[in-house]
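Architecture and fold: a report
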Amino acid sequence: MTLRLLEFVVAGNEASDLLPVRSAPLLRAHGARRGFWTVLDEGPVEQCLALLLELDDGRWVAHHVAADAGAENGRTEDGEALAHHDGWVYVFGSHFGSKAGPLRPRRAFVARFREDDAAAGPVPVQVVRNRFRLHRAVNDALLKAAFTPLPPGERVRARFIGETVARGTARAKGWVSRLVPDDLPLNVEAAAFTPTGGVLLGLRFPVTTDGEPILVELTGVPGMFDPAPSWPQASGAYVLTGVTPPGALAGFRAVTPTDDGGYAAIVGSIDALGKGSVLLDDHPTGGEVTSRHVRFPPPGDGHLVSGEVVAELAPFHHVEGVAECGGQSFYVTDEDHRVALWVG
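Residues numbered from 1 in each chain as written. Predicted model: local features only at pLDDT ≥ 70, side-chain atom pairs only at ≥ 80, totals over all residues. Heavy atoms only, no water.

1. With respect to the nonpolar core
Ranked by size, the top nonpolar core spans 43 residues in total, and within it Trp37, Leu49, Val91, Val125 and Phe330 carry the most contacts. Take this core: its biggest share by element is 6 residues, from strand E4 (residues 49-55). The next biggest cluster of nonpolar side chains, apart from the first, holds 28 residues, and it includes Trp88, Val110, Val138 and Leu186. (Core = buried A, V, L, I, M, F, W, Y, C linked by side-chain atoms within 4.5 Å. Buried < 20%, exposed > 50% of the residue type's maximum accessible area, 1.4 Å probe, protein only. Helix = DSSP H or I, 4+ residues; strand = E, 2+ residues; numbered from the N terminus.)

See below:
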């Protein structure tokens, strides 16, 4: 596949995920014929929303979107996944930590904003920091799943789970009760709503013992934002088969719905090379994996979902988002101090 590169500088930061703009008023406000949302993954969510727009004259531009999270300003970090539902754009935090741990409560969040509101003025962003409730729901689902997740080594458990519990206990944090010693650290990198209102979360880690990517379906995510919040429940856990290179470990990097009712996704490495990842110290075959564009149908009966490889994206190890629009494929890559959009 031959790819064309479009480069942008947006707040000096790299991009995660790629979500097509659905709001006609938003496109009209910018004189654009199409566009994509991305999230800049290092700072608080209200500072990290950006648009990549193709203007009516064919030029591409980037727009850093002004936003306001009210009392939650500055209290989140590491937004990774974007998804549409009922006129809202949802942003999911990684629920992970630094490359060497521990887990960071600021990353355990879900945010949302009305897409039409971004057409004028600072967009109001609602933020719910779930204090490891999603961590608990997903871990409980994996414990009951019909497959076996790849266990982390003792060093990973100590850094990500043990140290998180120790820090929370020292600070008398109530969320400590939602972590137990045998938990798996979660790295949420992908999300897509289903037609019934559930959310498929694509995990970068853990993967299965066979190195295959894992999806966990949650119900009730919008209820987090109610005045009297209710908390999501896991309704299923699935394995995406047929997309992992032999002998490798591959996790999700992005998921997006397709026009035929299925999903497209990016799968690739479980963590970045050369950045001190303790996950890769334990599982080195999870780092050299190059990115793949794959497709799969909605999960059905059973826990196995059969996928197909659409495109090999070698030599890229760091594709973070995918969109299929108008017969073209769009990819965003994780680059230092720039946003790189590739069109194929």
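2. Quick look at the pairing of strand E14 (residues 214-219)
The two faces of a sheet get side chains in turn, since along a regular strand they alternate between them. Across the 6 residues that make up E14, a large majority, 5, are buried. Summarising the sheet, strand E13 (residues 199-205) and E14 pair through 5 bridges and their orientation is antiparallel. Residue pairing across strands places Leu200 opposite Glu217, the latter belonging to E14. As paired strands, E14 and strand E15 (residues 233-241) are joined by 6 bridges and run antiparallel to one another. Looking across to E15, one finds that Thr219 is bridged to Gln233. (Pairing = 2+ DSSP bridges.)

3. Here we look at the sheet that holds strand E8 (residues 88-93)
With antiparallel pairing, 4 strands are arranged side by side in an open sheet as E7-E8-E9-E11. Edge positions in the open sheet fall to strand E7 (79-85) and strand E11 (126-129), since each of these has one partner strand only. Direction aside, the axes of adjacent strands within the sheet are offset by 20 degrees on average. For E8 and strand E9 (residues 109-114), the ladder comprises 5 bridges, and the chain directions are antiparallel. Bridge pairing links Tyr90 to Arg112 in E9. (Axes fitted to C-alpha atoms, helices over the stretch in contact; angles between N-to-C directions.)

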